Amino acid sequence: GYGGGAERLGLVVEAAGNLVAGSVYFFRITSSNAAGSSYPSQSPPVRAPWKLVPTIVYPPISLQPVRVAATEGSITVWLGSEAQQSILLQVVDLPHYDPQTDGAMSIAFTMGDDTLFATATLVSRFASSPEADVNDPLGIGVTTLITVAPPSFPS
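Residues numbered from 1 in each chain as written. Predicted model: local features only at pLDDT ≥ 70, side-chain atom pairs only at ≥ 80, totals over all residues. Heavy atoms only, no water.

## Looking at the overall build of the protein
For clarity, the threshold we go by: Per the convention used, a helix needs a DSSP run of H or I reaching at least four residues, while a strand needs a run of E reaching at least two, with both numbered from the N terminus. Three labels apply to residues, based on accessible area from a 1.4 Å probe with only protein chains included: buried if under 20% of the type maximum, exposed if over 50%, partly exposed otherwise in between. By definition in these notes, contact holds between two residues if any of their heavy atoms fall within 4.5 Å.
Helix and strand counts for the protein stand at one helix and ten strands. Ordering the α and β elements of the protein from the N terminus gives β-β-β-β-β-β-β-α-β-β-β. Expressed as a percentage of the 155 residues in the protein, the buried residues total 21%. Across the protein, the fraction of contacts at a sequence separation of at least 24, relative to all contacts at a separation of at least 6, is 52%.

## Here we look at unusual backbone geometry
A cis amide bond links Y58 with the next residue in sequence, P59, at an omega value of 5°. Checked against the element boundaries, P59 lands in the loop between strand 3 (55-58) and strand 4 (67-71). Of note, D93 is a non-glycine position whose phi angle comes to about 70°, a positive value.

## Some details on the pairing of strand 5 (residues 74-79)
The test is simple: Strand pairing follows a simple DSSP-based rule, namely that at least 2 bridges must link the two strands.
Sheet topology places strand 4 next to strand 5; five bridges connect them, and they run antiparallel. Note on strand 5: the bridge partner recorded for R67 is W78. With three bridges connecting them, strand 5 and strand 6 (residues 82-84) associate as antiparallel partners. Opposite L79, over in strand 6, you have E82 as the bridge partner. Hairpin geometry of strand 5 and strand 6 is characterised by an intervening segment of two residues between the two adjacent antiparallel strands and by a positive phi of about 65° at G80.

## Some thoughts on the layout of surface pockets
Using the following cut-off: With a 1 Å grid laid over protein atoms only, a set of points is called a cavity when a 1.4 Å probe fits there but cannot get out and a pocket when it is open yet has protein on both sides within 12 Å along at least five of seven lines; lining residues have an atom within 4 Å of a point. Grid points are joined across faces, edges and corners, and a volume is the space filled by probe spheres set on the points. The classification used treats Ala, Val, Leu, Ile, Met, Phe, Trp, Tyr, Cys and Pro as nonpolar, Asp, Glu, Lys and Arg as charged, and all other residues, Gly among them, as polar.
Approximately 540 Å³ is the volume attributed to the second largest pocket. Contributing to the lining of the second largest pocket are 23 residues, with V66, V68, I87, F109 and T110 lying nearest its centre. Counting only elements with at least two residues in the lining of the second largest pocket, the list comes to strand 4, strand 7 (87-92) and strand 8 (105-111). With five residues, strand 8 is the single largest residue contributor to the lining of the second largest pocket. Along the lines of polarity and charge, the residues of the lining of the second largest pocket split into 19 nonpolar, four polar and no charged.

## Notes on the confidence of the model for the protein
Note the following rule: Per residue, pLDDT measures the predictor's confidence, with a range of 0 to 100.
For the protein, the mean per-residue pLDDT works out to 74, and 68% of the residues sit at or above 70. Taking the mean pLDDT of every element in the protein, the minimum, 67, falls on strand 2 (residues 36-38) and the maximum, 92, on strand 10 (residues 142-148).

## A closer look at the nonpolar core
Formally: Throughout, nonpolar core names a set of buried Ala, Val, Leu, Ile, Met, Phe, Trp, Tyr and Cys residues whose side chains join them through atoms within 4.5 Å.
One finds L89, M105, I107, F109 and V148 to be the most contacted residues of the largest nonpolar core, which totals 14 residues. When contributions to this core are tallied by element, the ones reaching two or more residues are strand 7, strand 8, strand 9 (114-127) and strand 10. Dropping the residues within four chain positions of it, V148 is found in contact with S86, I87, L89, I107, F109, A118, T119 and A120.

Structure representation (structure tokens):
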């Protein structure tokens, strides 16, 4: 037990289905006993690996679906009315990724029944919230920028 007593602490999380997408949740415990009280400001947040799924925030839904065309061996990508050679993806809450130790990151592209993969390039990672750490293995509160050139599908 804690503090010489035989008490045990149990934590039950109810109604977990009401989590809001795009949010990160932390637990803080406040307790009182004969020795005194503890308050959230005295203890760090408890982090757990059940965070939300990474979210692509760019390109936004308004520019999707992304359109790709192959002409004379060259691939062109259109986001809205802008033509470019590759796609910049801005992903929030992507777990830490280091190409030196983790190898190549592949992105799947599907057209009809065909799926091809292209290698993504890590551009940068930055904290998108004041509490975020770019080296956090879970990537909570971190924005990752990657680029990828779509593969050529056979005609």
